[in-house]
Amino acid sequence: MEFEIRQVSWFISNMVNYGLTKTDVMVLNHLIMKYADYEEWKTFFVRQTTLASELSMLQPNVSRSFKKLQAAGLLVELSPNSYHIRITDQHDRQPDRVE
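Attention in this report is confined to the structure presented alongside it. Here the structure is a predicted model, which is why all the values come from computation and not from measurement.

Comments concerning the overall build of the protein
Scanning the protein from N- to C-terminus turns up 4 helices and 3 strands. Mapped from its N terminus to its C terminus, the protein presents α and β elements in the order α-α-β-α-α-β-β. A total of 99 residues make up the protein; the buried ones form 39% of that total. The contacts in the protein between residues at least 6 apart in sequence include a share of 59% that link residues at least 24 apart.

Shown next, in the form of structure tokens:
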């Protein structure tokens, strides 16, 4: 249980420290549910224009959210249009890189 609370604390701290907005969290949640199938570290492919259409948003707003989520360490870009979600602070986990 303590480990789970630390994960939640790390996640919330990153959200606060990087000033994530409700829009940023909405984008992250959509990525987690639809593209990562609720799995941390699962590699998925998505175009920002597709995501913008799915969320009825403008692409520049999705791009801004992607940049903020990446800066917070919650969204990791592996290659163009290839990402994975990072919700915990597990530094020892080294996912496969997509070239």
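Things to note about the nonpolar core
With 23 residues, the main nonpolar core has L31, F44, L51 and F66 as its most contacted residues. Secondary-structure elements contributing two or more residues to this core are α1 (2-17), α2 (22-35), α3 (48-54), α4 (59-71) and β3 (82-85). Considering every element that reaches this core, the biggest residue donor is α2, with 5 residues. Those residues in contact with F66 that sit more than four places away from it in its chain are V27, L31, V46, Q48, L51, L75 and Y83.

Thoughts on the environment of H30
Within the element layout of this structure, H30 appears in helix α2. For H30 and E54, which are 24 residues apart along the polypeptide, the C-alpha to C-alpha distance reads 9.2 Å. If we ignore the near neighbours within four places in the chain, the residues touching H30 are Y35, L51, E54 and L55.

As for the pairing of strand β2 (residues 75-79)
The pairing of β2 with β3 spans 4 bridges and is antiparallel. Bridge pairing in β3 places S79 opposite S82. Hairpin connection, β2 to β3: the antiparallel pair is bridged by 2 residues, and N81 has positive phi, about 70°.

Here is what the cut-offs are and how they apply
- Residues numbered from 1 in each chain as written.
- Predicted model: local features only at pLDDT ≥ 70, side-chain atom pairs only at ≥ 80, totals over all residues.
- Heavy atoms only, no water.
- Helix = DSSP H or I, 4+ residues; strand = E, 2+ residues; numbered from the N terminus.
- Buried < 20%, exposed > 50% of the residue type's maximum accessible area, 1.4 Å probe, protein only.
- Contact = heavy atoms within 4.5 Å.
- Core = buried A, V, L, I, M, F, W, Y, C linked by side-chain atoms within 4.5 Å.
- Pairing = 2+ DSSP bridges.

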